[in-house]
Amino acid sequence: MLAAATLVASILALHLPSLVIAQSVFAHVIVGNTGEYDVAQWTSDINLAAKYHIDGFVLNIATPYDGATSTQLSLAFQAVHALPTSVPFKLLLSFDYLGGAGAWVDADVINIMNTYGPNGAYFHVDGKPMVSTFEGPSNSNIQDWLYINGSIPGGIYFVPDWTSLGPAGFATDLFDGAFSWDMWPDGAENVSTAADSAWVDWLSPARKSYMMGVSPMFYTDLPAYNKAWVWRGDDMWWRRWQQVLEVLPDFVEIVTWNDFGESHYVGPIYHPGVPNTSTANATAYVDGYSHQAWLRTLPYQIAAYKHAYKPVNPAPKVAKDKIVYWYRNAPANAGNTKVTGNNCKSDINLFKYQTCFAVSDVLQDSIFAIVLATKSVTATVSIGSGEPTVFLGLTAGINFISRPFSGETGKVKVSLSSGAHGEGPAIVSEPVRGVANFNAYVQCAGGC
């Protein structure tokens, strides 16, 4: 085991700037969804994230900078500065080139980074502020970063998301690492590490770092924004963290903390940040669908990643038995919807770059659960008055279980032999008002 650990450390050292700052886990925050935050709200979110072992927020900002974005950055940094020293939480910026009023202007990026880069609340890698993007792959945008980097004293540690260009799609001397937005599966398949491996295979020989994305799901129904599709989520909150242990990226970014319109939020629902118009009403599929219970598994999953990345880090340990479970409340083929399986041709979707699948082929009609156990336990899952499904011999640590709907309806009940019990909203044969909703209920029972 020692030789294997030494080999892993040696491989990582080939392309890591520092083992001290690597193995950090961030959550992606859409600053555009925080327009009515005050310092107290930022503090609440930051404390919640830190409680579940998230190391920092990646603040996604779009143009224009003046106004709400400028105000919210100031409030976020004020909140971090007011934290006790026992909460070592940091912030870093991701410049969004697809949202807002258009691509960023060099002078604004330089001004923002010269203002916040030296800030003690900013996340640094080897003395440089780490910076990311959401796309911006045009040649002019890419070349801009050479000028930007040279205009910031000491430079930046640049980890852009230029996923649309793919691995080897740009020169390695332009950046220090890369972040891939390719974290959801295509069609009726489970997510794989194929895209991650392609990035790592390209980055490692150049001694560049890799930031891997982890997301629980993706579902959007916003015609006004030309987006109405679903990708397979299902067991992703389990599967993707297991894949982190396979890939061992240098950084992990959870997507997202607060993107309510795409349903992959793990932070608290903040209603002013939920799209809510007659043609872009995410409230219809977000209200009542808290995802915060997914946070309950993070201390174990993050500890497992950090221990695997650097074995001197503490091994993961379960403090209290719990079961975190999630599901949709109706079969995938029930209800009316214009949502497509994949981002494919429809009268709503703008980019339409994938093959269409039936939603019922993409989504699995099942209840999914992560069991965190201090010792061997038995779990049961039942729907309505149906016969419970019993899962024997679950081991100490983290376990994954699932069971299909099998045509049953009624309230979902879960339990552990160690005493945890939980009950979730009923699975129904047809959705309320006949309109499909592919968002997930997420709940926790036991030591939550």
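Okay, so let's go over this structure.

Procedures and definitions
- Residues numbered from 1 in each chain as written.
- Predicted model: local features only at pLDDT ≥ 70, side-chain atom pairs only at ≥ 80, totals over all residues.
- Heavy atoms only, no water.
- Helix = DSSP H or I, 4+ residues; strand = E, 2+ residues; numbered from the N terminus.
- Expected span 1.5 Å × (residues − 1).
- Buried < 20%, exposed > 50% of the residue type's maximum accessible area, 1.4 Å probe, protein only.
- 1 Å grid on protein atoms, 1.4 Å probe; cavity = no way out; pocket = protein on both sides within 12 Å on 5 of 7 lines; lining within 4 Å.
- Points joined across faces, edges and corners; volume = space filled by probe spheres on them.
- Nonpolar A, V, L, I, M, F, W, Y, C, P; charged D, E, K, R; others polar.
- Axes fitted to C-alpha atoms, helices over the stretch in contact; angles between N-to-C directions.
- Parallel < 35°, antiparallel > 145°, perpendicular 65-115°, else oblique.
- Left-handed = near helix turned anticlockwise from the far one by under 90°.
- Contact = heavy atoms within 4.5 Å.
- Disulfide = S-S within 2.5 Å.
- Patch = residues over 30% accessible without salt bridge, like charges linked within 9 Å, V, L, I, M, F, W, Y side chains within 5 Å.
- Areas by Shrake-Rupley, 256 points an atom, 1.4 Å probe, with all protein chains shown as cover.
- Salt bridge = Lys/Arg side-chain N within 4 Å of Asp/Glu carboxyl O.
- Phe/Tyr/Trp six-rings, centres within 6.5 Å; stacked < 30°, edge-to-face > 60°.
- Lys NZ or Arg CZ within 6 Å of the ring centre and 35° of its normal.

1. Focus on helix α7 (residues 236-247)
The α-helix winds at 3.6 residues per turn, so residues separated by three or four positions along the chain end up facing the same way. The first and last C-alpha atoms of α7 sit 15 Å apart over twelve residues, in line with the 16 Å expected at 1.5 Å per residue. Residues of α7 that are buried include every one of Met236, Trp237, Trp238, Arg240, Trp241, Gln243, Val244 and Val247, and no others. Immediately downstream of α7, the backbone of Leu248 shows phi near 50°, a positive value.

2. Brief notes about empty space enclosed by the protein
Remark: the empty space left among the atoms is shown by a probe the size of a water molecule rolled over them. As enumerated under the stated definition, the model contains two cavities of 30 Å³ or more in all. Taken as a whole, the largest cavity holds about 130 Å³ of empty space. Elements supplying a minimum of two residues to the lining of the largest cavity: β9 (218-222), β10 (227-231), β12 (322-327) and β14 (366-373). Of the residues contributing to the lining of the largest cavity, the split by class is 13 nonpolar, three polar and three charged. Taken as a whole, the second largest cavity spans an internal volume of roughly 40 Å³.

3. Digging into the packing of α7 against helix α9 (residues 298-309)
Direction vectors running N to C along α7 and α9 enclose 15°, while the axes themselves pass 9 Å from each other. Classified by the interaxial angle, the pair formed by α7 and α9 is roughly parallel. Where α7 crosses over α9, the handedness of that crossing is right-handed. Facing Trp237, Trp241, Val244 and Leu245 of α7, the residues of α9 in contact are Leu298, Gln301, Ile302, Ala304, Tyr305 and Ala308. A breakdown of the residues in the contact of α7 with α9 according to their chemical character gives nine nonpolar, one polar and no charged.

4. Considering the state of the cysteines
Tallied over the entire structure, the rule returns two disulfides. Two residues share a disulfide in this structure: Cys344 and Cys356, whose sulfurs sit 2.0 Å from each other. Of note, the bridge from Cys344 to Cys356 carries an S-S torsion of about 100° and is right-handed in sense. Taken together, the positions of Cys344 in the loop between β13 (340-341) and α10 (359-362) and Cys356 in the loop between β13 and α10 put the pair twelve residues apart, joining distant regions of the chain. For Cys344, a relative accessible area of 0% gives the class buried. Disulfide connectivity for the protein chain, with bonded cysteines indexed by sequence position, reads 1-2, 3-4.

5. Notes on a nonpolar patch on the surface
Taken together, the side chains of Leu350, Phe351 and Tyr353 present a nonpolar region at the surface, about 400 Å² in accessible area. Mapping Leu350 onto the fold places it in the loop between β13 and α10. Exposure remark for Leu350: the relative accessible area of 51% places this residue in the exposed category.

6. Quick word on the packing of aromatic side chains
In this structure the tally under the stated criterion is 39 aromatic pairs. On the numbers, 4.4 Å between centres and 20° between planes, the contact of Tyr289 with Tyr441 is stacked. Residue Tyr289 is located in the loop between α8 (283-286) and α9, and its partner Tyr441 is located in strand β20 (residues 441-446); the two are separated by 152 residues in the primary sequence. The two residues Tyr289 and Tyr441 agree in class, both being buried. Site record: aromatic cluster; members linked through ring pairs are Phe95, Trp104, Trp145, Phe158, Trp162, Phe170, Phe175, Trp199 and Trp202. Across the ring face of Phe175, the terminal group of Lys208 is positioned such that the distance to the ring centre comes to 5.6 Å.

By themselves, these are just geometric observations and shouldn't be taken as functional.
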